[in-house]
Structures are given as structure tokens and as C-alpha cells.
Amino acid sequence: MVIQKLLSSLSNKNKRLFCLIGIYLVALESLLLSFSFIGIQPKSSAEIIDTHFVKLIGSIDSLENKVSENRPVAQKQFYYTLSRKNYKYIEAVVEYVSPFFAKYYINGPPLKKHDIENGNKVFEPHGFQLIESFFFTGDTSLSKEEIVYEIKLLKESIIQTRKKYKSVVPRNEQYFDMVQMELVRIISLNINGYDCAITKENIKESTYVFDGMAEILEGIKEVRMKSPSLPVFKKLISDSKKYLFLNKEYETFNRLYFIINYVKPLYSLLHKIRSELKLSNTPVNYAINFNESNLFGEAFFNRHFFSVNIADSANIKPQAELGKNLFFDPLLSGNNKRACASCHQPQFAFSDTIAKNQEYNQTGQLKRNTPSLLNVMYQKNFFYDGRSLQLEDQVSDVLHAKNEMNSMPEEVIKKLKQSDDYKHLFKKAFKGQRDTAITFYGVLKAISEFEKTLTSMNSKFDKYLNGNKNALDQNAINGYNIFSGKALCGSCHFLPLFNGLVPPVFNDNEFEVIGTLAGPDIKEVDSDSGRVLITKKNIHTFSFKTPGIRNIEATFPYMHNGAFRTIDQVIEFYNKGGGSVAKQKINHQTLPFDSLQLSPKEKDEIKSFLMSLSDNSYKNIAPKKLPQINDPVLNKRKIGGEY
Ligand code: HEC
Ligand code: HEC
């Protein structure tokens, strides 16, 4: 009132003057205010992360109280959702600092687990994904006390992770490692239904992940002071969040659009900021090669990570060249008629179009279907039952196997030594090393180096991810979204390899019980009991390694038994809930039992997407001529074997 009176008593000119003084006063005040803030440093990443740990522990604590006090389910749901939100802010940190806790006690799939490296133990499911079902599905399989126990366990795991984090506060480059890995986690797991199986809040939760990432990186002083790209980064984070916010429906979320327009540029930008800050690479042998700026670039994977012989990296090119000759050479078999390429044929993505190939003596069948060898190196376990842990072991297994190549090392060496061409190739391949002569080790090493060259990331799908908009049609684009969304395929066949090697650490091959039938129209589970033969754990009965499904167009027939001849049959099998249609009840099926309710159009779209995964780069890789040998009869042997 006083001011109004004063104003009305002033002339217009004086009013203007008065206003100006007012503006100056406000400006002065804010200047003074900002001075008083100068003494306060923005929070560091470590402080920000710790605050989120405290919030997370607090919300889990509240959840525990609501359950203990028998509060209404809405309250439990509220605190569960809040805890998930708090978790997602620092998921990148928790997964990085405590991968073991994350997998077994915090956010692993709600299934029993057994990994040979953890001894004889079968781990019961724990953590968020187990707890989720008690608040959102009316699941009553656990008593109140048991649920409280599970919540306590979750809380304790977070408390332990916080302690661990505080004891090893990461260096700047490690924050980048964890955030880049988290981006991979988002596109390969989070938005594909790997967690939140019930609430389907995957997309919304990803916004919290983005918030957390931004806070963590902005907490790094050097990023704030020295990175010219920081504003671009902030803008991209905020655009990504906006996109997620406006498209939060799990089933209709356009995953490819999101990946290409937001996540991929963000990944490259992080690479750029790393170089702006001149951050050195962390001396850790990660599966991801952080020198590659392109999330879908050729050098995205660190090949050394997947190789046992890290120290033995000299001459690998001539070794692979030698290996290629050996791979196609039937000299390696007992009767000089069978080569690796007899079954692993390049024109069929290194498989053979037969349900089960012939045994060596041509009287019976092998036990299983021949798998493709494209991208074979990007695995931790080999064979359908995962019995082999090294590519090198595996070669030796096959050579010895009476039903496959039926060969003895001494015989192979004796034959190879009759060839000047091979002597020359071996000398070149193992020059200056202890193995300059022809040895069995050299044979195994060379073949495995050849196998490691068979990496396939050049399909239409990859071209689309790398900017060629015409590489995929709308059907295939829709197909990818159904594959990774409604049909849940992408929660087992993970982007970008589409096998069961879990990103972003890529050191854990998943085995699954999907209940593969003896045939598409037979309501009986195939009799091959799978991984249980190796681990002797019941949970692994009918369990098989999740194979890669790139190049699926060429690798028919499908599954370990080769009983499904067409992709349509495979899709229909999944659509009906896998082995749940079988007459016998299978325990521990890890594939959801329910029908996926896919429409004919959706099935067709999934198929279009699967077809876009073909890469024909290796079709004509067979050598035109095999090394000559001092034996006219053997010199007539057939490239790639006779049968
Ligand atoms: C007679 C057919 C046949 C021949 C010959 C053959 N393989 Fe195989 N290969 C198979 C079958 C069948 C499997 C799957 C067996 C299983 O999972 O139990 C397999 C599996 C593999 C695997 C594991 C792939 C994976 O993803 O787990 C590799 C690697 C491999 N073979 C390489 C070779 C090499 C190298 C040779 C030559 C030294 C060779 N194979 C010869 C049929 C054959
Ligand atoms: C629970 C995990 C899981 C889910 C979900 C899943 N798969 Fe599989 N997939 C597997 C496993 C394990 C195998 C190997 C089974 C066998 O050999 O008996 C497999 C095999 C396949 C094969 C055959 C590969 C070959 O070379 O023989 C194709 C094709 C395939 N899956 C496509 C799909 C599609 C399409 C979907 C979604 C509709 C899907 N998968 C969902 C785990 C899964």
C-alpha cells in the first residue's frame, strides 16, 4: 500500500527512475547472494552417490516397516517403487562395485542360480525381482516374516555395497567406465524386460538412471571446469529423459529410435568428454573397449578379454591364416575325409542344414545340431551344455572325438610334416617363438585364432544402427521392438550379440530351461537333458546355453536337437509358452509359461527382424586350394571334406 501511494504521487518519469533503482537493487542483492555461495563447493560425485545410498537404504527400511506393520498394500507398493527409483539412480555404481551382490542379492532374475565358479552352491533367488511379486501379484508363497527377511537381506546387501564403495572411491575414469557400461545395460537389459518383469516400469525407471548418470558426471570437478562438451551432454540427457517420459509404455516403446537418437550419441559424447579431460584408460581388462567411441562400432569389443592367450598375441594374423587352412583340411581326421568345415560350412554361417550330422563312421547321428561359429569367440562357455570354457580346449575335443573326426595328435602331426607348404605356414605363424615346428599346440592355437576372426556385426540391422535408414523396413523395425518388448526374446538373447552372454560385463553365459520339444508338433520335451549332465544340478535339467541368433536365416534347422525346421515354428513354440505345452511337467522352466498372445502380424514382424541379422561376409571364405603334401593320393583330398 505504501509503495502504491508513493508511486501514484510520482510523475511518470520518476516512476521509471524508481523502477530502475528497484532493478539495480534486486541485481545487487542476487550478486551478494551469489558471493555468499562461492564458499560452498558443488557436491562431489562421491558425496552425491553416498546421498543416494542413504536414500536407498532409508526407503528399503520404510518398506520393511510397512510390511512388518501389515500396512495396506498400496503403501508397500509405494515404498517398493520408491526403493527401485533410488536404486536406479546408482545402479551404475552398485553393479560396478558389487557385481556379485547385484546378481545374487539385489537385482538378479528371480530364479535359482548355479555357477560352477562358485562351487557346489545353488543360490536361491533374492532381491528386488523376488520381492516385487509379493506386492504386485498377490503371490502368497512367502510368509510375512519371510518377506521381511528378504527385504532385510536386500538392505544389508546395499549397506555392504555402500561400505565397499566408500573404501575404494573410484577415479574419474572409472566413473566414465560405469556410466558407459550403464548405457549398454539400459539398451540390452533394462528396456528389454530383464528386470521389472511384473510392474513393467522399465522405461520410467530408465529416466532415473539418466538422472543418476548426469549427477555422477557433473560431480566430477574436471568435467565441470574443463569439458567444453558439458552443455551438450546436459542437453542430450534432458532430451533423452523427455523422450522416455513421453513414451513410457513398455509395449509400444520405440526401442530402436531411442537407441539410435539418444543412447548412441550419448555414448560417443562420453568418449569425447573422456578425451577432453585426457583421462587415461582404466587398466582393467573389460569386455568393452573404451577406445571405441561408437556403441555399434567394429572395435566395440575388446578381443583380448575373450581370449585366453592374451600374452600370446604376436603373429596372430599368420596363425589365423594357417588355422583357416587347417579348418578346411580333411587331413585332420582319421580317414582324411572330414574337416571342421564338413559340419561348419561357411555358406550356412558355419552350420550344416542337417538336424544332426552323421557320425564319423557314417552309421549313426551325432547327439546335437551343429551350431554356427560366427561370433563364437564372444562366449564364456562352449557347446550347448557349456562343458568347455576355452575355444582351444574345444578344438582338441572335436579332433579326438571318435564320432566326429577320430584323430590322434601324433597322426595329424605326422601327416602335416609331410607338407612343405604346411612347414612354411607353421614357420611363419610361430616365428621367433618356441613353436617354430609343427606341433599339436600350434594346430589348436591356429584353428582357434581362425575361429576368432569369424566375428559378424555387418548385417542390415547393424547398418541401420549405424545410420543407414534404408537398411531396415518398418516390419523389421517393429519386429525388433516386439522381440525386445512384448515377446521378451531380448531378455535372453541380448543386444548386440543376441546370445546369452550378459552385457555389459559379458563374462556370464546364461543357460535356460525353455523346454525345447522333440519336434514342433510333438508335445514332449526333447530327451537330451542338457547342462545337468555337466553340473549335476537339478535346476539344469533340460537347460541349454542361450545361443546367438545372428544369421538365423542360414542356420536352420534350429535348437540343440535341430527339430525345428523353420523360424515360424520357433516363433510359434515361444508364442505358446515353450515346453509348458508338453505332457510331462518340467521343473524350473525359466521361460514364462503364458502364451505371448502374438498376432499373426507381430509374428511376421519378428521374423522380418530376425532376417535382418544375416551377414554374408564369410560365405566365400574357404581357401581355393589346400596346402600340398608329399602324397599324390592325399593331394586329391577335398577342400572342406567329403561328408
Ligand atoms: C561331425 C560334425 C562336426 C565336425 C566335423 C566339427 N564339429 Fe564343431 N560342433 C559340432 C556339433 C554337433 C557341435 C555342438 C555339440 C554340443 O553342443 O554338444 C559343435 C560345436 C562346436 C563348437 C562350439 C560352438 C559353441 O558356440 O558352443 C566349436 C567352437 C566347434 N564346434 C568348432 C569345431 C572345429 C574347430 C572343428 C574341427 C576341428 C569342428 N568343430 C568339427 C559338429 C561338428
Ligand atoms: C528364457 C530365455 C529365452 C527367451 C525368452 C527366448 N529364447 Fe530363444 N533360445 C533360448 C535358448 C536357451 C535356446 C536354445 C534352446 C535349445 O537349443 O534347445 C534358444 C534358441 C533360439 C533359437 C534357435 C537358435 C539356433 O541356432 O538353433 C531361436 C531362433 C530363438 N531362440 C529365437 C527366439 C525368439 C524369436 C524369442 C522370442 C519370441 C526367444 N528366442 C526367446 C533362450 C530364450
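A word on the coordination of the iron atom of ligand 1. Exactly one donor from the protein chain reaches the iron atom of ligand 1: His344 (NE2), at 2.1 Å. Secondary-structure assignment places His344 in the loop between helix H15 (340-343) and helix H16 (391-400).

Quick look at the site of ligand 2 now. As a structural note, the neighbourhood of ligand 2 is formed by 22 residues, with Cys489, Cys492, His493, Thr516 and Tyr574 the closest of them. Between ligand 2 and His493, the relevant distance is 2.9 Å, taken from a nitrogen atom to a side-chain nitrogen or oxygen of the residue. Here Met559 contributes a backbone N or O atom positioned 2.7 Å from an oxygen atom of ligand 2. Every element with two or more residues in the shell around ligand 2 is listed here: strand E4 (544-545) and helix H23 (567-575).

Coordination of the iron atom of ligand 2 by the protein involves His493 (NE2) and Tyr574 (OH), with metal-donor separations of 1.9 to 2.1 Å. Coordination at the iron atom of ligand 2 comes from 6 donor atoms whose angles at the metal span 81 to 179 degrees, giving a geometry best classed as octahedral. Within this pair, whereas His493 is found in the loop between helix H21 (474-484) and strand E1 (511-512), its partner Tyr574 is found in helix H23, the two being separated by 81 residues in sequence. Residue classification places His493 among the buried residues on the basis of a relative accessible area of 8%.

The subject of this paragraph is the site of ligand 1. Close to ligand 1 lie 25 residues; Cys340, Cys343, His344, Phe383 and Lys545 are nearest. Separating an oxygen atom of ligand 1 from a backbone N or O atom of Phe383 is a distance of 2.5 Å. One nitrogen or oxygen atom from the side chain of Arg387 is found 3.0 Å from an oxygen atom belonging to ligand 1. For the shell around ligand 1, the secondary-structure elements that each account for two or more residues are H15, H16 and helix H19 (440-452). Among the elements that take part in the shell around ligand 1, H16 stands out by supplying 3 residues, more than any other.

A relative accessible area of 21% means that Tyr574 is categorised as partly exposed. Along the chain, Tyr574 and Ile514 lie 60 residues apart, while their C-alpha atoms are 8.5 Å from each other. Aside from chain neighbours lying at most four places away, what touches Tyr574 is His493, Ile514, Met559, Leu591 and Leu596.

What the domain assignment reports for the protein chain is domain 1 (42-169), domain 2 (170-314), domain 3 (317-456 + 620-636) and domain 4 (460-611). Placing the centre of domain 2 and that of domain 4 at their C-alpha centroids yields a distance of 26 Å. Between domain 2 and domain 4, the contact holds 27 residues from the first and 26 residues from the second. Between domain 2 and domain 4 we count 0 salt bridges in total. Taken together, the links from domain 2 to domain 4 amount to 7 residue pairs in polar contact (both at pLDDT 80 or more). Where the side of domain 2 that touches domain 4 is concerned, the elements lending two or more residues are helix H9 (172-188) and helix H13 (255-276). Its residues assigned to classes, the side of domain 2 that touches domain 4 comprises 18 nonpolar, 5 polar and 4 charged.

Along the chain, the position of Ser240 falls in helix H12 (residues 230-246). Residue classification places Ser240 among the buried residues on the basis of a relative accessible area of 0%. Excluding its chain neighbours within four sequence positions, the residues that come into contact with Ser240 are Phe210, Tyr262 and Leu266.

Before going further, it helps to examine unusual backbone geometry. The residue after Pro503, namely Pro504, is reached through a cis peptide bond having omega -5 degrees. By secondary structure assignment, the location of Pro504 is in the loop between H21 and E1. Cis geometry marks the peptide bond from Phe556 to Pro557; its omega dihedral reads -10 degrees. Phi is positive for Gln362, which is not a glycine, with a value near 60 degrees. Within the fold, Gln362 resides in the loop between H15 and H16. On the basis of relative accessibility, which here comes to 47%, the residue Gln362 falls in the partly exposed class.

A volume near 490 Å³ is recorded for the second largest pocket. Partitioning the lining of the second largest pocket into residue classes produces 9 nonpolar, 8 polar and 6 charged.

Next up on the list: the packing of aromatic side chains. Within this structure, the stated rule accounts for 47 aromatic pairs. Taking the centre distance of 6.0 Å and the plane angle of 75 degrees together, the rings of Phe327 and Phe350 count as edge-to-face. Here the residue Phe327 occupies a position in helix H14 (residues 316-327), and Phe350 occupies one in the loop between H15 and H16, the gap between them amounting to 23 residues. Ring centres 6.2 Å apart and planes at 25 degrees place the aromatic pair Phe426 and Phe430 in the stacked group. Neither residue differs from the other here; Phe426 and Phe430 are each classed as buried. Every member of this aromatic cluster is reached through a ring pair, and the members are Tyr267, Phe300, Phe301, Phe305, Phe306, Tyr378 and Phe506. Geometry around Phe245 places Lys248 over its ring, the cationic atom sitting 4.0 Å from the centre.

Analysis parameters
- Residues numbered from 1 in each chain as written.
- Chains lettered and ligands numbered in written order.
- Predicted model: local features only at pLDDT ≥ 70, side-chain atom pairs only at ≥ 80, totals over all residues.
- Heavy atoms only, no water.
- Donors = N, O, S within 2.8 Å, 3.2 Å for Na, K, Ca; no water.
- Helix = DSSP H or I, 4+ residues; strand = E, 2+ residues; numbered from the N terminus.
- Near = heavy atom within 4 Å.
- Polar contact = N/O pair within 3.5 Å; in protein donor to acceptor, adjacent residues only side chain to side chain.
- Tetrahedral: all angles 85-135°; square planar, octahedral: opposite > 155°, others 65-115°.
- Buried < 20%, exposed > 50% of the residue type's maximum accessible area, 1.4 Å probe, protein only.
- Contact = heavy atoms within 4.5 Å.
- Domains from an automatic or database assignment.
- Salt bridge = Lys/Arg side-chain N within 4 Å of Asp/Glu carboxyl O.
- Nonpolar A, V, L, I, M, F, W, Y, C, P; charged D, E, K, R; others polar.
- 1 Å grid on protein atoms, 1.4 Å probe; cavity = no way out; pocket = protein on both sides within 12 Å on 5 of 7 lines; lining within 4 Å.
- Points joined across faces, edges and corners; volume = space filled by probe spheres on them.
- Phe/Tyr/Trp six-rings, centres within 6.5 Å; stacked < 30°, edge-to-face > 60°.
- Lys NZ or Arg CZ within 6 Å of the ring centre and 35° of its normal.

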